[in-house]
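Fold and contact review
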Amino acid sequence: MSNYTEEQKITELWYTRCPVPTISGIALDLGWLDKTFAKDGISFKSLRAEQERSVRESHFDHTLKGLFREGGNIPAIWARATGKDTRAIALTWVDEYQAILTLPDSADITQPVDLRGRRLAIPLRTQSQIDFSRAMALRGFLSALSLAGLNENDVQFVDLHARETDLQEPLSGGIQQSHFYQRELAGLFRGEVDAIYVKGAPGADLSVIHKLRVVFDLGKYPDPLVRVNNGTPRTITVNADLVEQRPDLIVEYLACLLQTSKWAETHSEDVVRTVSVETGGSEEAVRKAYGSELHLRLRPDLSKQWIAALNSQKDFLLKWGFIPADFDIDAWIAPKYLAEAQKLVSKLEESALI
């Protein structure tokens, strides 16, 4: 029972997640998050299902009160750097296919060192609040180049004006194919660029469908700091109004995610099916993009290594002008709610055994 006053009574909360493997997406598919908050008389509403685009834009700027977000770290970092009062309450890390691709007949581009002097596609979405896809591609290319002893001065980055992103819920009735990399793909086949960066299940599908040559897969590189990008690690964030008013709801949310991650560990095929719908990639692409241990990689955590990776990403975004100001990652992270959620889950598990 909550000790909060009527003025602090909350009747609705919002959620959003990126079209990637998220433990939130699986908990939603199971109906567990709805059930978690229904017992408190709270409606749990999808931001991406709203008709008004201005409301859906909170997926990026976090302006809507009572919002939980799980997804790419670039929008979350940008929102905090622009002054949005948020807290990072957990992280997840699912290594994924991050590939530099070229045309199937580009026999002279087979490894990162061959990118010297080449034209590399950098998508440009001028209407976006934060052009996360541009930052993502730039970091992917720079990481691959660094492994060959190259940098931005050794290549030509080519801007490709791409269709704006507008995240909405997947339509009912099956998988909706992602078209996220269509501009880069078109640029490659038109001869505007020599290589593109893709990631995740949609990227894996593209490489197979069009028989593209994989120059390098960053997702397989042993050093985790080389694999850092928008999806590694992913952030779970919440607006500060909930921290101040109803921290118990944050604990309940995280406890549900922890319980869902434990369920996922023994339901690998169910996880693949859900992630296929969430990402718009085929089940085969999900397996290729996220590996055979996807169902074991979804547990929220705040390990020192993951926090260091997040700090590395923040520094990259600051250096390249994607965020307007620096901030303290450690001060942004609020670890106590995850710790309390872990205690709550342990208590619930003990009670079930009695």
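Structure: above.
Predicted model only: the values in this text are computed from it and were never measured.

Quick look at the overall build of the protein now. Counting secondary structure elements, the protein contains 15 helices and ten strands. The principal-axis extents of the C-alpha atoms in the protein amount to approximately 65 × 40 × 40 Å. Expressed as a percentage of its 354 residues, the buried residues of the protein come to 55%. Residue pairs in contact within the protein that sit at least 24 positions apart in sequence constitute 81% of those at least 6 positions apart.

Turning to the side chain of Asp131, a few remarks are in order. Structurally, Asp131 can be placed in the loop between strand E6 (119-124) and helix H6 (132-147). One buried charged side chain, Asp131, makes no salt bridge at all; its nearest oppositely charged neighbour is Arg125, positioned 4.8 Å away. A polar contact of 3.1 Å, which involves the side chain of Asp131, links it to the side chain of Ser133.

Another point: the environment of Thr110. Along the chain, Thr110 turns up in the loop between strand E5 (98-102) and E6. On the basis of relative accessible area, Thr110 is assigned to the partly exposed category, the value being 38%. Between the alpha carbons of Thr110 and Thr274 there is a distance of 34 Å; along the sequence they are 164 residues apart. Among all residues touching Thr110, those that are not within four sequence positions of it are Arg213, Val214 and Val215.

Cut-offs applied
- Residues numbered from 1 in each chain as written.
- Predicted model: local features only at pLDDT ≥ 70, side-chain atom pairs only at ≥ 80, totals over all residues.
- Heavy atoms only, no water.
- Helix = DSSP H or I, 4+ residues; strand = E, 2+ residues; numbered from the N terminus.
- Buried < 20%, exposed > 50% of the residue type's maximum accessible area, 1.4 Å probe, protein only.
- Contact = heavy atoms within 4.5 Å.
- Lys, Arg positive; Asp, Glu negative; His and termini not counted.
- Salt bridge = Lys/Arg side-chain N within 4 Å of Asp/Glu carboxyl O.
- Polar contact = N/O pair within 3.5 Å; in protein donor to acceptor, adjacent residues only side chain to side chain.

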